[in-house]
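# Structure assessment
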Amino acid sequence: MSEIMNSVNQRTQLVGENRLELLLFKLNSKQRFGINVFKVREVLQCPPLTSMPKLNPLVRGIAHIRGQTISVIDMSLATGGKRIEDLKTAFVIIAEYNGSVQGFLVGSVERIINTNWASIMPPPKGSGRASYLTAVTQIENELIEILDVEKILNDISPVNTDLSDGMSDKLKVGEDDARMKKIIFIADDSSVARNQVKKALSALGLEIEVAKNGLEALNRLKEIAADTGDITDRVGVLVSDIEMPEMDGYTLTAEIRNTPELKNLHVILHTSLSGVFNQAMVQKVGADDFIAKFNPDELASSVLKWFGNE
């Protein structure tokens, strides 16, 4: 399986072109799932797992991999299915989300596919796993489900969204302040992530508007700008995820910079993706800031750059 990951570094050129590559895997059925290759550090057959007291029921055990202790989450259990029984034939996907490394136990790992974010769609309403899906796509007439890993991780270990006392004091804005008329706009395909950002920034007391993907955000921002002439008359800052169906955050930022009525908008890219290449992409597309998920004080501090009272 190691050969699957050999050319990951060569794939960074896909970022910024509204493209991505998905590593396909199965759990306990024929249904295929996908995870962004950029999240994946390594894929290996399931190593021996050590059981520990008071582990979350979704965590099958602890693995010791290359000198690091990693929790291994049963992805079938985490999405409401049956546990993966045969660990001898199972695989573990080692991935990095929100600054931490986790192992995802899956039934089998297949191949990497190259696709376009425009073909990644929001999950259909009423689907059985809808609460754990962040997107779907169709490959060779088969529906590929993309799981909301941030929701799964938050179910296991909820993220602290509270600001420190000092940061809360900095965020206070008087009711007569002209900035109270501004909107904070959030674009993220994960409902958990959207709520985390909303809660962290609610101390501002400003109106918050959300979009579920980059295309929805771009269309809404254009609607607002059509009424005001310049987006900054109504929207103060955009906090956008990078990985989103239909249009990713890099492409959204580039579109904003290429649209006269939107180009002055302050854009913060807020993502669970990691890697040095992201810094280069931030400069390439013209984002104002890049923040890894999820540190509420760090997010609020970045917003304060726009407020000018840090």
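Note: the structure precedes this text.
Basis of the calculations
Every chain is numbered on its own, with residues counted from 1 as its sequence reads. Reporting of local features is limited, given that this is a predicted model, to residues whose pLDDT is at least 70; pairs of side-chain atoms are given and counted only at 80 or more, and all residues count toward the totals for whole chains, interfaces and linings. Heavy atoms from the whole structure form the basis of all side-chain values; hydrogens and water molecules are not counted. In this description a helix means any DSSP run of H or I spanning at least four residues, a strand means any run of E spanning at least two, and both kinds are numbered starting from the N terminus. Throughout, exposure labels follow a simple rule: accessible area from a 1.4 Å probe, protein chains only, divided by the maximum for the residue type, with under 20% read as buried, over 50% as exposed, and the rest as partly exposed. Buried Ala, Val, Leu, Ile, Met, Phe, Trp, Tyr and Cys residues form a nonpolar core when they are joined through side-chain atoms within 4.5 Å. We call two strands paired when DSSP finds no fewer than two bridges between them. For helices, the fitted axis covers only the stretch in contact; all axes are lines through C-alpha atoms, and the angles between them, taken along N-to-C directions, range from 0 to 180 degrees. In this analysis, two residues are considered to be in contact whenever any of their non-hydrogen atoms come within 4.5 Å of each other. The rule for a salt bridge is simple: a side-chain nitrogen of Lys or Arg has to be within 4 Å of a carboxyl oxygen of Asp or Glu. With respect to orientation, any angle under 35 degrees is reported as roughly parallel, any angle over 145 as roughly antiparallel, any angle of 65 to 115 as roughly perpendicular, and every other angle as oblique. For any helix crossing, the convention is left-handed if the near helix is rotated counterclockwise from the far helix by under a right angle, and right-handed if that rotation is clockwise. Only Asp, Glu, Lys and Arg are considered charged, only Ala, Val, Leu, Ile, Met, Phe, Trp, Tyr, Cys and Pro nonpolar, and every remaining residue, Gly among them, polar. The term polar contact refers here to a pair of N or O atoms within 3.5 Å; inside protein, the definition further demands a hydrogen-donor-capable atom paired with an acceptor-capable atom, and it admits residues adjacent in sequence only when both atoms are side-chain atoms.

### Let's talk about the environment of leucine 23
By the element assignment, leucine 23 lies in strand β1 (residues 19–26). Accessibility expressed as a relative area gives 0% for leucine 23, which makes it buried.

### Some details on the environment of proline 57
Relative to the assigned elements, proline 57 resides in the loop between β3 (40–45) and β4 (59–65). Placed 20 residues apart in sequence, proline 57 and leucine 77 show a C-alpha to C-alpha distance of 8.6 Å.

### Here's the deal with the nonpolar core
One finds Phe25, Ile35, Met75, Ile93 and Phe104 to be the most contacted residues of the largest nonpolar core, which totals 27 residues. Taken together, the elements giving at least two residues each to this core come down to β1, β2 (32–36), β3, α1 (75–78), β6 (91–97), β7 (100–106), β9 (133–139) and α2 (149–156). Considering each element in turn, this core owes the most residues, four residues, to β6. Core analysis: the next-biggest nonpolar cluster, separate from the first, contains 26 residues, Ile183, Ala225, Val267 and Ala287 among them.

### Describing the sheet that holds strand β11 (residues 183–187)
The sheet built from five strands is open, its strands ordered β12-β11-β13-β14-β15 with parallel pairing. The open sheet has two edge strands with one neighbour each: β12 (207–211) and β15 (289–292). Across the sheet, the axes of successive neighbouring strands diverge by a mean angle of 20 degrees, strand direction being ignored. Bridge count between strand β13 (residues 235–240) and strand β14 (residues 266–271): four bridges; the pairing is parallel. Bridge pairing links serine 240 to leucine 269 in β14. In the packing of helix α6 (residues 249–257) onto the sheet, contacts are made with β13 and β14, and the angle to β14 comes to roughly 175 degrees.

### Digging into the pattern of salt bridges
Applying the stated criterion across every chain yields a total of 18 salt bridges. Note that arginine 234 and glutamate 207 form a salt bridge whose closest N and O atoms lie 2.9 Å from each other. Of the two residues, arginine 234 is situated in the loop between α5 (214–228) and β13 and glutamate 207 in strand β12; the sequence distance between them amounts to 27 residues. Residue glutamate 207 is classed as partly exposed on the basis of its relative accessible area of 41%. Linked by salt bridges that have partners in common, Lys26, Arg32, Glu110 and Glu142 make up one network.

### As for the packing of α5 against α6
Relative orientation of the contacting elements α5 and α6 amounts to 20 degrees, with a least axis distance of 9 Å. Viewed along their axes, α5 and α6 adopt a mutual orientation that is roughly parallel. Regarding α5 and α6, the two cross each other, and that crossing is right-handed. Each of Gly214, Ala217, Leu218 and Leu221 in α5 lies in contact with α6, whose residues at this interface are Leu252, Glu255 and Ile256.

### Some remarks on the packing of α2 against helix α4 (residues 191–201)
One can describe the packing of α2 onto α4 by two numbers: an axis separation of 7 Å at closest approach and a directional angle of 65 degrees. Classified by the angle their axes make, α2 and α4 are roughly perpendicular. For the pair formed by α2 and α4, the contact residues are Glu150, Lys151 and Asn154 on the first element and Val192, Ala193 and Gln196 on the second. Here the contact of α2 with α4 is built from residues that sort into two nonpolar, two polar and two charged.

### Topic: the side chain of threonine 161
Within the fold, threonine 161 resides in the loop between α2 and α3 (165–171). Classification of threonine 161 as buried rests on a relative accessible area of 9%. One polar contact links threonine 161 to lysine 199, side chain to side chain, over a distance of 3.5 Å.

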